[in-house]
Amino acid sequence: MKEAILAAIKAYDTIILHRHVRPDPDAYGSQMGLATIIQASFPEKQVFSVGNDEASLRFLGKVDEIADELYQDALVIVCDTANTARISDRRYTAGKMLIKIDHHPNDEPYGDLVWVDTSASSCSEMIVSFYETFQEELTLHEEAARLLYAGIVGDTGRFMYPSTTSETFRLTAKLVHFPFDRPALYRHLYEQSLPMTRLAGYILEHFQMEEGGAATVFLPEELLTRFEVDPREASGLVNVIDSAVGLKAWIMFIQEGDVIRARLRSKGPVINELAKEYGGGGHPLASGATIHTLEEMAEMKRKLIAICLETV
Ligand SMILES: [Mn+2]
């Protein structure tokens, strides 16, 4: 599959990279990291990274704004995005050829070429592996190294999550050869605004510990307004309670307009099946869903408790 992807990259003069909505460092890192590698390796090609601009990730790179016409003869590569509904910038179908590169379960294998590796910690790790396979032909500079490092750090929780393998470390070692400013990168990745810091305090004080090591917390809209944190940002606080003794799995419910976003996390019990029951999905230990009523919220909480009680 890697050979076929490289052949496609070589065959097209215009290459447009997409990633998912609500981007995280791996979405930006894999998209812009691959874009930077392609551009450095084939300077004559036009390479673009598109999608909604995320202010908190601007330190990683700038999103390109491009005309529709550029898609006409373009290769489109989508990074880090399991399903088409989550692809940022709906023009992804407008190219000549579509490639999916991802590390989430391949529930929706879209595109002409699909390269999915669920054993990879991150899509950024896959991009480093892609580079390594063809390092005679491809060029990786400091900037691509910084982007891919950020993606791997983001998705592995600074190399803490079980998705971190010896392969993750081996490939990451290639990146740290470059002299980019790692402390500055970590500062950018983990700095938190004062409103978010105060809201973290609220969550720590108010989350409910249930039977079996399940926990939940609900952030209604008026609370978020009072703390001056928008619902999308609040999702970033899902892990603040993760060091509580006895905690196994938890859900942070965040009201966003007419819907309630459920952010599920776990230290063992598989919770993505629960997310799927509500039209969501994700990793076994980190997933999300969108629900609509307080009744659904209560029901989801009961199911989480049951899952935790079943898992010793
Ligand atoms: Mn990812």
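In the block above lies the structure referred to throughout.
A short tour of the structure in this document, coming up. The structure displayed is predicted, hence computed values, not measured ones.

1. Quick word on empty space enclosed by the protein
Inspection of the entire model under this criterion finds one cavity of 30 Å³ or more. Put simply, the largest cavity is a space of about 30 Å³. Forming the boundary of the largest cavity are I203, T216, V217, V238, I241, W250, I251 and M252. Those elements giving two or more residues to the lining of the largest cavity turn out to be β7 (214-219) and β8 (249-256). With three residues, β8 is the largest single contributor of residues to the lining of the largest cavity.

2. Comments concerning the pairing of strand β11 (residues 286-291)
Summarising the sheet, strand β9 (residues 259-266) and β11 pair through six bridges and their orientation is antiparallel. When the bridges of β11 are listed, I260 appears paired with I291. Note that strand β10 (residues 281-283) and β11 share three bridges and pair antiparallel. Bridge pairing in β11 links H283 to A286. Between β10 and the antiparallel strand that follows it, β11, lie two residues.

3. Describing the pattern of salt bridges
Enumeration according to the criterion identifies 17 salt bridges in this entry. Among the salt bridges present, the one from K96 reaches D73, with a minimum N-O distance of 2.7 Å. One end of the pair, K96, is in the loop between β3 (74-79) and β4 (97-102); the other, D73, is in the loop between β2 (46-49) and β3, and 23 residues separate them in sequence. Of the residues examined, K96 reaches a relative accessible area of 53% and is grouped as exposed. With a shortest N-O distance of 2.9 Å, E256 and R261 are connected by a salt bridge.

Cut-offs used in this document
Residues numbered from 1 in each chain as written. Predicted model: local features only at pLDDT ≥ 70, side-chain atom pairs only at ≥ 80, totals over all residues. Heavy atoms only, no water. 1 Å grid on protein atoms, 1.4 Å probe; cavity = no way out; pocket = protein on both sides within 12 Å on 5 of 7 lines; lining within 4 Å. Points joined across faces, edges and corners; volume = space filled by probe spheres on them. Helix = DSSP H or I, 4+ residues; strand = E, 2+ residues; numbered from the N terminus. Pairing = 2+ DSSP bridges. Salt bridge = Lys/Arg side-chain N within 4 Å of Asp/Glu carboxyl O. Buried < 20%, exposed > 50% of the residue type's maximum accessible area, 1.4 Å probe, protein only.

Everything listed here is a matter of geometry and, on its own, says nothing about what the molecule does.
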